[in-house]
Amino acid sequence: HMDSPRQSKNRNREPKRSQTQSSTPPQKDAYARLLSQHSSSKFSLYLEQYAKDTAFQREGNGPSTLLKAQSDRQNIPQRKRDQVPNDFSDSSDFSPSSMKSKGEESSLSLYMEKLSTRNAQQDCERKQGVSDRQRWGQRRDTATSHDGDVESGEELSTLKPNDLRKHQKQQKKSKDSNREVTSKETDSFVGHPQSPKKASTSGQEQEKMKKSKKKNLANSPADKSKNKGGRGSKKQVFESYMAFEEVSHGLKRGELIQGQIRINPKKYHEAFVPSPDDTRDIFLDGIVARNRALNGDIVVVQILPREQPDVTVEDQCSDQDELIRKVQNTTLTDTGTVKELHLPFVWQVVYIVEKKHSRAVTGFLKFLPDKPFAMFSPVDHRVPRINVFLADCPEDFSSRPGDYSNTLFICRITSWAADSNFAEGQLAKTLGQAGEIEPETEGILVEYDVDFSEFSDEVLDCLPKNLPWTIPPEEMRKRRDLRKECIFTIDPSTARDLDDALSCKQLPDGNFEVGVHIADVSYFVGEDNALDAIASQRATSVYMVQKVIPMLPRLLCEELCSLNPLTDRLTFSVIWKITPEGKILSEWFGRSVIRSCVKLSYDHAQSMIEAPEKMFSAEELPPADPEHPIDEIHQAVLNLHSIAKNLRAQRFSGGALRLDQLKLSFTLDKETMMPQGCYVYQYRDSNKLVEEFMLLANIATAHHIHSRFPELALLRRHPPPKAKMVDELQELCDQLGIDIDLSSAGALHKSLNTTLGDDEYTTARKEVLTHMCSRPMQMALYFCTGVLKEEPLFKHYALNVPLYTHFTSPIRRYADIIVHRLLCCGYCGPNLGLSTEEVQKQASHCNDKKTLSKRVQELSSELFFGVFVKDCGPLDSEAMVMGVLDQSFDVLVLRYGVQKRIYCKSVAGLDSFHHRKVGKKSELTLVWTPEDPEKAPEEQVISIFTLVEVQLKADGAPMKYSAMLKRPEENES
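All values derive from a computational prediction rather than experimental measurement.

Engineer: I'm lost on the overall build of the protein in this one. Help?
Structural biologist: Each helix and strand counted, the protein has 27 helices and 35 strands in total. Summarising the internal contacts of the protein: among those between residues at least 6 apart in sequence, 72% fall at separations of at least 24. By element, 50% of the accessible surface of the protein is carried by carbon and sulfur atoms, the whole surface being about 40,800 Å².

Right, here's the structure in full:
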């Protein structure tokens, strides 16, 4: 979540969701039992009202129950991708409060969800005049836990003997007969894994089940009436949006709240909007509540009293502070369930301010017999299914739909009516076969709104015409000439867009002159022309495993702006006089000309650091300028390393924090660009050297532009983590016996770097703890200083500095170009011609594009790793447990740095498992069936930091793979 001048690029893609079916047992006794346990009248009222409210939502075709029903009735083939998720996701685009998607759901909230599903269906059926007998024949979708594991809807112990027999009969027929019943005690769960024998059903039995299901569905007038094709017969599913004037008025009066919606990728009926003070989240329960908003949209939400849905907030809370206080109290636990259940409020989206989501999605086309449209099923389950008219489908799709079962399409949503569960859309493009790298890559780029088109002639016309280009003499006269200095670049070996160069010269007094030299992109990108427009729109280069989507045309990225060796280049330089200890004595900013003497890779610089006495030969390094002997370059690298170590030590002793997470890198076949191998990227001293001086330059620049343009400076702030989540994490760590101090960034950094044991797994434990600590962290954000008036809010939490900005990467970040223009105006005098509002608007756009770019990088890495597992797997590795749920647990696969979820029910050789929770500490006991029948079953306890052996294995679905847990005996052999 935090800043580093060079950003990491991988994380896991969100898993898919599915729902399975089961019969509906009676619930009256269990409901009465639950109420008797909680005698509070307020709580009883809440439970009853919760059921009624959810009934109202489900009655309006809430997709959680009816999407699946309709698809079953229409014989839509279910793909493997739509089954129980086998992926662990750290829900990066669900940040900052992604922790909420990780924990177990309390039995109470699970119960309420099931109860409301049943009540909704029964209530709806009564209105349609469905008899009890018909109701028993009907299927329903059961509630789904955080694991994606389906729970049975009722405790067997509460059923009467006759009901129990009926229930058992139906359970036998049910597809989910092997699913276990959840204990309603809040601290334990006992289960058994699926037996392959039980799970498999003969073809005849399956056919009978299908017919029976169809018959039952056909007998349901409620279902029939809900899904009629005619729009006139449909009832409203979603509320109509408020008028703009009403919204504007409500926001001013504090009756409405605006924010960006985040939809939980693991439980797509849950969504969150930050509260006004950004310390916690507002919970939106159900698809109806978010009213057709998609992930990332800026929405306006309204708080409505639960008992009186038509009463306005003003009637309940005339005082704005009182409203905000109540907003703050509507909070969540780390499990993602509503904690203060007695609150009588519900939240609903009433207006979409800005559709940030691209409305473009990748997915599959499914044929619907006797319908004028096909059903488009998005890969991302947070997006609704989309009706696409057959006229927009491929010509032979209707006659040969099977030919397209594995074809990946891009579909754009064109509309979503208030009376429909489904959006309408048009196919934008056929990508190719699912699971192939190029079609999948293009799908990711389109879905995340990355412009990868060729630059237009109008844009290219803005570039210099006379090539090879040379610096005009008049420009040379305006700049400080540094071409004779020993200046060099240090970058990844594959880099072609070289933004930054370094220099270090020892002075007679024993101090050093250290320079950071950044490509002067603003010289080539004039304001308000076509090139500037496309750069500001793209806002960032996007780095994928096999390619870069550049922000600027390649002539600039790789040639005219890139600080290539042995070539004169225009730069903006910061030069300090600095002591060997890292104390800054003086500072100079200005435009310059440099001539890099060599292009070093991180590996080259690292070998120089590790061999300070070695005399490197010309053959060991890239071509260098003969004006600067290799020994001079080597000494400069060693001096920079020495100063960087001191700067780094000062930063961390001064209270900075760095949360390093494992990053996966790949070696690719040069011809096919397919992954040949993969490894965890090593962050070494050469990386740290460059990072320290980039941070120093960015901090110096931030102070510089803020002092000259207090109302116009583009800075980057990092808000502190959400207090609520920090408290909960502290409580968990205390219970786990982990001595960690979360009171400040510096305290956290010191805690994480205190040795967690002294064995070979110390690093692994630190990785797991780092991951836990990263969940409450917020994203760093660009902003304009004229908009955020209070200077304490400018602070960068992780770096622990009052002012920070981005200056060092203008080839790949548009924010840096704006900063360069501000710097230039500070020296050259001309007015920038930008208002505070314009800078803020561009800052917000850069934030959006940076978030999307980061997600695309992660998905690209996941795509390549999925292909690597398929081609080179199965892969064995040690793994460390990083989180425990009631029926599954998450592991960090140490050899590859990936995170996966292991479902107890799918573990081969497991007899049973038991879950218990004490406070926030969660633990699973796995009971393994002995291979030798004469031996006793072996127990394995799974809790945070447990070491296990796993095997990564490709799934049937394209690019998907699972982590299979190996037996403890295998671990020892």
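Engineer: What is the right way to read the sheet that holds strand β34 (residues 947-954) from this model?
Structural biologist: Strand pairing in a sheet relies on backbone hydrogen bonds, with the paired strands running either antiparallel or parallel. Pairing is antiparallel across the open sheet formed by 5 strands, whose spatial order is β30-β29-β28-β34-β35. Strand pairing shows two members of the sheet lacking a second neighbour, β30 (898-903) and β35 (961-965), which therefore form its edges. Mean inter-strand twist for the sheet, computed between neighbouring axes without regard to direction, equals 45°. With 5 bridges connecting them, β34 and β35 associate as antiparallel partners. Note on β35: the bridge partner recorded for Gln951 is Met964. Against the sheet, helix α24 (residues 762-774) engages β28 (875-884), β29 (888-893) and β30, with an angle of about 45° to β28. Each of β28, β30, β34 and β35 touches helix α26 (residues 836-872); the most contacted strand, β34, lies at about 85° to it.

Engineer: Explain the sheet that holds strand β7 (residues 281-285) here, please?
Structural biologist: Within the open sheet, the 3 strands sit side by side as β5-β6-β7. Their pairing is antiparallel. Of all strands in the sheet, those bounded by a partner on one side alone are β5 (262-263) and β7.

Engineer: I tried to follow helix α14 (residues 437-447) on my own but got confused; where do I start?
Structural biologist: A turn of α-helix holds 3.6 residues, and therefore any two residues three or four places apart point the same way. In terms of burial, α14 is largely enclosed, as 10 of its 11 residues are buried. Residue Asp449 follows α14 closely and has a positive phi angle near 60°.

Engineer: What is the right way to read the pairing of β34 from this model?
Structural biologist: Along any regular strand the residues' side chains alternate between the sheet's two faces. One ladder, built from 6 bridges, connects β28 with β34; its direction is antiparallel. Note on β34: the bridge partner recorded for Ala879 is Val948.

Engineer: Explain the environment of Ile303 here, please?
Structural biologist: Mapped onto the fold, Ile303 is located in strand β8 (residues 298-305). You can call Ile303 buried: its relative accessible area is 3%. In this structure the C-alpha to C-alpha distance between Ile303 and Leu256, which are 47 residues apart in sequence, comes to 7.3 Å.

Engineer: Mind showing me how you'd approach the pattern of salt bridges here?
Structural biologist: Pairing between side chains becomes possible if they bear opposite charge and their charged atoms approach one another. Summed over the entire model, instances satisfying the criterion amount to 43 salt bridges. With a closest N to O distance of 3.1 Å, Asp380 and Arg382 form a salt bridge. Relative accessible area serves as the criterion here: at 14%, Asp380 is assigned to the buried category. For Arg382, a relative accessible area of 5% translates into the label buried.

Engineer: What is the right way to look at unusual backbone geometry in this model?
Structural biologist: Outside of glycine, negative phi angles account for most residues, and trans bonds account for most peptide bonds. Residues Leu467 and Pro468 are joined by a peptide bond in cis, for which omega reads -5°. On the secondary structure map, Pro468 appears in the loop between α15 (457-460) and α16 (473-477). For the bond running from Gly873 to Pro874, omega is 0°, close enough to zero to count as cis. Along the chain, Pro874 falls in the loop between α26 and β28. A positive phi angle, close to 60°, is found at Asp370, a residue other than glycine. Although it is not a glycine, Asn800 adopts a positive phi angle of roughly 55°. In this structure Asn800 comes out as partly exposed when scored by relative accessible area, which is 28%.

Engineer: Before we go on, may I ask you to explain helix α19 (residues 602-610) in this structure?
Structural biologist: Buried within α19 are the following residues: Tyr602, Ala605, Gln606, Met608 and Ile609. All buried residues of α19 fall inside an arc of 160° around its axis, so they share one side. Buried residues in α19 make contact with β16 (487-491), β23 (599-601), α20 (630-653) and α21 (685-708).

Engineer: Just checking my understanding: could you explain the packing of aromatic side chains for this structure?
Structural biologist: Ring pairs (aromatic) are described by centroid distance and by the angle formed between their planes. In total, this model carries 15 aromatic pairs according to the counting rule given. Taken together, a centroid distance of 6.4 Å and an interplanar angle of 50° make the contact between Phe244 and Tyr351 tilted. In this pair, Phe244 sits in helix α10 (residues 244-252) while Tyr351 sits in strand β9 (residues 345-354), placing the two residues 107 residues apart along the sequence. Look at Phe666 and Phe864: their rings are 5.9 Å apart centre to centre, the planes differ by 55°, and that puts the pair in the tilted class. Taken as a pair, Phe666 in strand β24 (residues 664-668) and Phe864 in helix α26 lie far apart in primary sequence, 198 residues in all. No difference in accessibility class separates Phe666 from Phe864, as the two residues are buried. Joined through ring pairs, the aromatic side chains of Phe367, Phe397, Tyr404 and Phe409 make up one cluster. In this structure, Arg658 packs its charged tip against the face of Tyr683, placed 4.3 Å from the ring centre.

Engineer: Could you clarify how one ought to interpret a negative patch on the surface in this entry?
Structural biologist: A cluster of acidic side chains, namely Asp727, Glu731, Asp734, Asp739 and Asp741, defines a negative patch on the protein surface. Tracing the chain through its elements places Asp734 in helix α22 (residues 723-736).

Engineer: Explain the side chain of Arg262 here, please?
Structural biologist: Mapped onto the elements, Arg262 comes out in strand β5. Here Asp281 takes part through its side chain, which lies 3.1 Å from a polar atom of the side chain of Arg262.

Engineer: How do you make sense of the packing of α19 against α21 when you look at a structure like this?
Structural biologist: The geometry of α19 relative to α21 is characterised by a closest axis approach of 8 Å and an angle of 105° between their N-to-C directions. Of the possible angle classes, the one that applies to α19 and α21 is roughly perpendicular. For the pair formed by α19 and α21, the contact residues are Tyr602, Ala605, Gln606 and Ile609 on the first element and Asp685, Ser686, Asn687, Leu689 and Val690 on the second.

Engineer: Mind showing me how you'd approach the confidence of the model for the protein here?
Structural biologist: Regions with low pLDDT should not have their predicted coordinates read in detail. Predicted confidence across the protein gives a mean pLDDT of 78, with 71% of residues reaching 70 or more. Under a pLDDT of 50 for its full length, residues 4-44 has, in the predicted model, 151 contacts with residues more than four places off or in other chains. This model gives residues 307-342 a pLDDT under 50, and the stretch forms 75 contacts once residues within four places in sequence are excluded.

Engineer: Explain the pairing of strand β18 (residues 512-519) to me, please; I cannot follow it from the model alone.
Structural biologist: Within β18, 7 of the 8 residues are buried, which leaves it mostly tucked inside the rest of the structure. Of the pairings in the sheet, the one linking strand β17 (residues 500-506) to β18 comprises 7 bridges and is antiparallel in character. Note on β18: the bridge partner recorded for Asp500 is Ile518. Hairpin remark: β17 followed by β18, antiparallel, with 5 residues in the connecting loop; positive phi at Gly510, about 95°. By the bridge criterion, 8 bridges tie β18 to strand β21 (residues 568-578) in an arrangement that is antiparallel. Residue pairing for β21: Glu513 is matched across the bridge by Lys577.

Engineer: I'm lost on the packing of helix α17 (residues 530-538) against α26 in this one. Help?
Structural biologist: When two helices pack together, their arrangement is given by the angle between the helix axes and the distance between those axes. Where α17 contacts α26, the axes come no closer than 8 Å and their chain directions differ by 55°. One element, α17, and the other, α26, form an angle in the oblique class. From α17, Ser536, Gln537 and Arg538 reach across to α26, where they touch Gln842, His845 and Lys849. Looking at the contact of α17 with α26, its residues break down into no nonpolar, 4 polar and 2 charged.

Engineer: I keep staring at the UniProt feature "site: Important for catalytic activity" (unreviewed entry) in the protein and nothing clicks. Help me out?
Structural biologist: Mapped onto the present numbering, the UniProt feature "site: Important for catalytic activity" (unreviewed entry) falls on Asp499. Within the element layout of this structure, Asp499 appears in the loop between β16 and β17. What makes Asp499 buried here is its relative accessible area of 3%. Those residues in contact with Asp499 that lie beyond four places of it in its chain are His517, Ile518, Ala519, Leu563, Thr808, Ser809, Pro810, Ile811 and Arg812.

Engineer: Even after reading the chapter, I still don't get the environment of Lys921, so can you show me in this structure?
Structural biologist: Inspection of the secondary structure puts Lys921 in strand β32 (residues 921-928). Looking at Lys921, the relative accessible area reads 31%, which means it is partly exposed. Residues Lys921 and Val884, spaced 37 residues apart in sequence, show a C-alpha to C-alpha distance of 8.5 Å. Beyond its immediate sequence surroundings of up to four residues, Lys921 is in contact with Leu732, Gln735, Leu736 and Arg916.

Engineer: What exactly am I supposed to notice about the nonpolar core here?
Structural biologist: Considering soluble globular proteins, one finds that nonpolar side chains tend to be buried as a cluster. Ranked by size, the top nonpolar core spans 93 residues in total, and within it Phe488, Leu502 and Phe693 carry the most contacts. The greatest single-element share of this core, amounting to 9 residues, is contributed by α21. Apart from residues no more than four positions distant in its own chain, Leu502 is found in contact with Cys486, Ile487, Phe488, Ile490, Gly515, Val516, His517, Leu640, Leu689, Val690, Phe693 and Met694. Of all hydrophobic cores here, the second largest spans 45 residues; its members include Val869, Val891, Ile942 and Leu965.

Calculation criteria
Residues numbered from 1 in each chain as written. Predicted model: local features only at pLDDT ≥ 70, side-chain atom pairs only at ≥ 80, totals over all residues. Heavy atoms only, no water. Helix = DSSP H or I, 4+ residues; strand = E, 2+ residues; numbered from the N terminus. Contact = heavy atoms within 4.5 Å. Areas by Shrake-Rupley, 256 points an atom, 1.4 Å probe, with all protein chains shown as cover. Pairing = 2+ DSSP bridges. Axes fitted to C-alpha atoms, helices over the stretch in contact; angles between N-to-C directions. Buried < 20%, exposed > 50% of the residue type's maximum accessible area, 1.4 Å probe, protein only. Salt bridge = Lys/Arg side-chain N within 4 Å of Asp/Glu carboxyl O. Arc of directions from axis to C-beta. Phe/Tyr/Trp six-rings, centres within 6.5 Å; stacked < 30°, edge-to-face > 60°. Lys NZ or Arg CZ within 6 Å of the ring centre and 35° of its normal. Patch = residues over 30% accessible without salt bridge, like charges linked within 9 Å, V, L, I, M, F, W, Y side chains within 5 Å. Lys, Arg positive; Asp, Glu negative; His and termini not counted. Charge placed at Lys NZ, Arg CZ, Asp CG, Glu CD. Polar contact = N/O pair within 3.5 Å; in protein donor to acceptor, adjacent residues only side chain to side chain. Parallel < 35°, antiparallel > 145°, perpendicular 65-115°, else oblique. pLDDT = per-residue confidence, 0-100. Nonpolar A, V, L, I, M, F, W, Y, C, P; charged D, E, K, R; others polar. UniProt positions renumbered as here; feature names shortened; annotations may be inferred. Core = buried A, V, L, I, M, F, W, Y, C linked by side-chain atoms within 4.5 Å.

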